[in-house]
Structure formats: structure tokens, C-alpha cells
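Listed here are the chains, written in short residue letters.
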Amino acid sequence: MKCPACGSARVFPSRPRNVLERIRQMLTEKQPYRCHECGWRKWEVVRVHPESADVHPEDLRTGRVSPPVSSTDLDLLDTAALKATRDPLVP
Ligand SMILES: [Zn+2]
């Protein structure tokens, strides 16, 4: 979904601002959407980005995706934590 005002792709679902909006969201198929580029906001029918299901709003904001944590990484963390508890502040 692109912003009709500025053409940016940074249009994300927006939280309801007040009780009225929350009730409206519960009663209708719509929810507020907001453009992070220009602040444009409008109620639209809820969409679940079918064309890019893997893209999360957070990824678009930071522009990078952290690699998934592997079990090797977790083992390294465990080892480091054990070492830290075994030798507290020993030079
Ligand atoms: Zn915009």
C-alpha cells in the first residue's frame, strides 16, 4: 500500500487514537492507516500485505533485518554466562 499523498511505501496500520476510534475499529472491517513519511492518515479496510508477507513494519523502519538466532549462538551465550559466574571479576 502506498501513501496517496506522497507516494511513500511507509504506510502502516495506526493505533486508534481514542475510545471512539477503538469502537469503530471493532465494529467495522476498517482500521486507521498512517504514512510515516508525511503523516497522512485514513481509515481503510484491513489488509494483510499479501504481496510481501515477510516484511514487518520494523524492518522497513530500520532498513535492516537481524539474522535468525541459531542454536550455536545460544550455546556461545551459555558458555559466556557460565564463565562469568565461575570467574567473577578475576583478572
Ligand atoms: Zn505520505
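First things first, this report covers the structure right here in the doc.

## As for the overall build of the chain
Reasoning step 1: Check the secondary structure of the chain and you find three helices and three strands.
Reasoning step 2: When the helices and strands of the chain are listed from N to C terminus, the series reads β-α-β-β-α-α.
Reasoning step 3: Here the contacts in the chain between residues at least 6 apart in sequence split such that 36% fall between residues at least 24 apart.
Reasoning step 4: Just so you have it, the chain exposes about 7,500 Å², and 58% of that area is on carbon and sulfur atoms.

## With respect to the pattern of salt bridges
Reasoning step 1: Under the definition given, this model contains three salt bridges.
Reasoning step 2: With a shortest N-O distance of 3.2 Å, R41 and E21 are connected by a salt bridge. In this pair, R41 is assigned in strand 3 (residues 41-45) and E21 in helix 1 (residues 19-27), connecting sequence segments 20 residues apart.
Reasoning step 3: Note that E44 is salt-bridged to K42, the shortest N-O span being 3.5 Å.

What counts, and where the lines are drawn
Residues numbered from 1 in each chain as written. Predicted model: local features only at pLDDT ≥ 70, side-chain atom pairs only at ≥ 80, totals over all residues. Heavy atoms only, no water. Helix = DSSP H or I, 4+ residues; strand = E, 2+ residues; numbered from the N terminus. Contact = heavy atoms within 4.5 Å. Areas by Shrake-Rupley, 256 points an atom, 1.4 Å probe, with all protein chains shown as cover. Salt bridge = Lys/Arg side-chain N within 4 Å of Asp/Glu carboxyl O.

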